[in-house]
Amino acid sequence: MNKPVLPMSSLSLTLPNADGSIETYRLAASRSFPAKLEGTLNRVAFSAAHTVANPLADVDPWLSAAVDWDKTIAFREHVWDLGLGVAEAMDTAQRGMGLDWPTSLELITRSVHAAKARGGALVFSGAGTDHLAVEDAKGLDDVTRAYEEQIAAVEKVGGRIILMASRALARLGRNAEDYGRVYDRVLSQVREPVIIHWLGDMFDPALSGYWGTADLDQAMDTAVAIINANAAKVDGVKVSLLDKQREIDMRRRLDRRVKMYTGDDFNYAELIAGDEQGFSHALLGIFDAIAPAASYALSRLAAGDEAGFHDVLGPTVPLSRHIFKAPTRFYKTGVVFMAYLNGHQDHFTMVGGQESARSTLHLAELFRLADKAGLLADPELATRRMRAVLALRGIEA
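Read on for a plain summary of the structure.

Definitions and limits used
- Residues numbered from 1 in each chain as written.
- Predicted model: local features only at pLDDT ≥ 70, side-chain atom pairs only at ≥ 80, totals over all residues.
- Heavy atoms only, no water.
- Salt bridge = Lys/Arg side-chain N within 4 Å of Asp/Glu carboxyl O.
- Helix = DSSP H or I, 4+ residues; strand = E, 2+ residues; numbered from the N terminus.
- Pairing = 2+ DSSP bridges.
- Axes fitted to C-alpha atoms, helices over the stretch in contact; angles between N-to-C directions.
- Buried < 20%, exposed > 50% of the residue type's maximum accessible area, 1.4 Å probe, protein only.
- Contact = heavy atoms within 4.5 Å.
- Phe/Tyr/Trp six-rings, centres within 6.5 Å; stacked < 30°, edge-to-face > 60°.
- Lys NZ or Arg CZ within 6 Å of the ring centre and 35° of its normal.

So, on to the pattern of salt bridges. Summed over all chains, the structure comprises 25 salt bridges. Among the ionic pairs, Arg253 bridges to Asp221, the shortest N-O distance being 3.0 Å. Note that Arg253 is positioned in helix α7 (residues 244-253) and Asp221 in helix α6 (residues 216-229), a separation of 32 residues in sequence. In this structure, the salt-bridge partner of Arg246 is Asp243, at a minimum N-O distance of 3.3 Å. The network of salt bridges with common partners includes Asp141, Glu148, Arg181 and Arg185.

Quick look at the sheet that holds strand β5 (residues 123-127) now. Around the barrel, which closes on itself, the eight strands sit in the order β3-β4-β5-β6-β7-β8-β9-β10 with parallel pairing between neighbours. Here the average twist between neighbouring strands, direction ignored, is 25°. Sheet analysis places strand β8 (residues 234-240) next to strand β9 (residues 259-262), joined by four bridges and oriented parallel. Pairing of Val239 across the sheet is with Thr262, part of β9.

Here we take up α7. Regarding α7, the residues found buried are Arg246, Glu247, Ile248, Met250 and Arg251. Buried residues in α7 make contact with β7 (194-199), α6, β8, β9 and α8 (268-273).

The subject of this paragraph is the packing of aromatic side chains. Inspection of the entire model under this criterion finds 17 aromatic pairs. Ring centres of Phe337 and Phe348 lie 4.8 Å apart, and the angle between their planes is 55°; on these two criteria the pair is classed as tilted. Residue Phe337 is located in helix α13 (residues 331-341), and its partner Phe348 is located in the loop between α13 and α14 (360-372); the two are separated by 11 residues in the primary sequence. The two residues Phe337 and Phe348 agree in class, both being buried. Between Arg43 and the ring centre of Phe279, over which it is positioned, the NZ or CZ distance is 3.6 Å.

This is a description of form; function is not addressed.
The following block contains the structure:
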């Protein structure tokens, strides 16, 4: 299982280089990963899953979202088969970046129902304030009410909560006391412990200065104080700052009842492996793109085979760093492109027209890195689809 059979594949295609030249790229021998979890896991791991657009809908993609519900839920079935949880209606799904709250709630409802039909597959869903236009939020009570409305809607359909960072709160919250006032009130009302999401401004510029300060040390002090004061209501915290030491420092300061879920798409392998003082669980957008490899690697870690874990997951990190490179908020394009290459959808069309957010060179390098990491499930299909995208962008085979 999982070892190259041949040193090199017979497949090749024409790819562009950064200097403007064209090369014939020959694929590496593929690796194969189980389609379903084999063994057990000793980390809780969520894939922040993307939505599949409906390419045949007569909508203007920049203005409204049309979702292919069957393919979207089928992708979640794929994630659950691999033993991973689904973090629903998050930024990977283009929440607030093409996917509005009514569509997000429909997505959450469908996903929760699909999870229940499987006997309780793991799914937590984003509740935020994105139905409240930032300019319409006049005070902290407006932010709190917006959180309460979305939490009530998710809980009504039987969902668990990921408490998303709020753009309105980022605009109105001046200090630690303001954030404490909102979070304390909201957390006091939740039915079950939630995951709190601290999303850095590299993912969403509108969240700059979250927790009431641009100083990340002070911001962490505020976040830790709020979380630990409400530990009975907090399952864990997801940190997406792309700063591994800051995550480790925060992990060591959390109440022992509170999990750390890494959201660091640059350093996840070492953070999940952990150290003598602890480890991180995972809630990652990259686990959408690399779900089979992630599942297999985590099963090796649970079996005590840390070398096997790093052998599989380590080569995926260069791909993830490429997909999440600045401007990081455009990472969704790479995630969906991987789903297209690997046959989870029949087109490279995205909510919001975001398929245009990355360059041809970016997609070509993504293909190379995915190939080198053994992440192309069907190399012949992936090569055929890569050729089609390149032809559309003016590069013929």
